[in-house]
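A closer look at the structure
Spelled out, the chains give:
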Amino acid sequence: MPDEQPIKVLLADDHPVVREGLMAMLESAGGITVVGEAGSGEEAVVQAGVLRPDVILLDLRMGGMDGVDATREILRTLPGGKVVIVTTYEDDTDILRAVEAGAAGYLLKGSSRQELIGAVQGAARGETVLTPSLAGKLFRARTPVQPVLSERECAVLRLVGQGLTNAEIGGELFISEATVKTYLLRCFKKLGVSDRTAAVMTAMERGLL
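Residues numbered from 1 in each chain as written. Predicted model: local features only at pLDDT ≥ 70, side-chain atom pairs only at ≥ 80, totals over all residues. Heavy atoms only, no water.

1. Observations regarding the pairing of strand β3 (residues 55-59)
Here β3 lies mainly inside the structure; 5 of its 5 residues are buried. What you see with β3 is no split at all: V55, L57 and D59 on one side and I56 and L58 on the other are buried throughout. Summarising the sheet, strand β1 (residues 7-12) and β3 pair through 4 bridges and their orientation is parallel. Bridged to L11 within β3 is L57. Inspection of the sheet shows β3 paired to strand β4 (residues 82-87) by 5 bridges, in the parallel sense. Bridged to V55 within β4 is K82. What joins β3 to β4 is helix α3 (residues 67-77), and the crossover it makes is right-handed. (Buried < 20%, exposed > 50% of the residue type's maximum accessible area, 1.4 Å probe, protein only. Helix = DSSP H or I, 4+ residues; strand = E, 2+ residues; numbered from the N terminus. Pairing = 2+ DSSP bridges. Right-handed = clockwise from strand over helix to strand, strands pointing away.)

Set out below in structure tokens:
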């Protein structure tokens, strides 16, 4: 619509040539205006507070304050701002750190012009934007690893659940009482518990028994 205000964007990257390329792609779209540039995380925080942009495109790794720390600071001073990380890095941990810091999206620098413009427009609308190839990485990073109990460890816990002592479990499974204790200690470690009852309950809750 003709009366719509353009989306104000702040670019933050420590490479001027990257900023120039991003600016050219964004301003060719119409409806998007680059209101400022920053060459470091610290400068991005200051510029965001002064310029009050709608969307901040932020490099992940810059000298001094990195993109994740800058994201936290920007959103602390500009709660309504939308930060989209633009980087060459695809590490699961980096993606999760950025999203947990409050970033509205995570794009690779190799993204197409259409993907970049769509990300800015989507972020301005309050959407979460993510390069399609990174969606699976984020899901895996957010999914806790389920501990795997061996068949024998499960057998020991089942007998614990039936109220048997270590000696009785050893007799049932034809192993020594010391071996039973070893299996239980392994179960405690895998399940993050410190006693027999908690081990059985946790394993049942997680569908391991």
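2. Overview of the sheet that holds strand β2 (residues 32-38)
In spatial order, the strands read β2-β1-β3-β4-β5-β6; together these 6 strands make up an open sheet with parallel pairing. The sheet is open, and its two borders are formed by β2 and β6 (129-130), each paired with just one other strand. Sheet analysis places strand β5 (residues 105-108) next to β6, joined by 2 bridges and oriented parallel. Note that in β6 the partner of Y106 across the bridge is L130. In the packing of helix α1 (residues 16-27) onto the sheet, contacts are made with β1, β2 and β3, and the angle to β2 comes to roughly 165°. On the sheet, α3 packs against β3 and β4 and is oriented at approximately 160° with respect to β3. (Contact = heavy atoms within 4.5 Å. Axes fitted to C-alpha atoms, helices over the stretch in contact; angles between N-to-C directions.)

3. Brief notes about the pattern of salt bridges
On inspection of all chains with the given rule, the structure shows 8 salt bridges. A salt bridge links D13 to K109; the nearest nitrogen and oxygen atoms lie 2.9 Å apart. In this pair, D13 is assigned in the loop between β1 and α1 and K109 in the loop between β5 and α5 (113-124), connecting sequence segments 96 residues apart. Accessibility expressed as a relative area gives 30% for K109, which makes it partly exposed. For the salt bridge of E73 with R76, the shortest nitrogen-to-oxygen distance reads 2.8 Å. Placement of the pair is E73 and R76 together in helix α3, with a separation of 3 residues, close to one helical turn. (Salt bridge = Lys/Arg side-chain N within 4 Å of Asp/Glu carboxyl O.)

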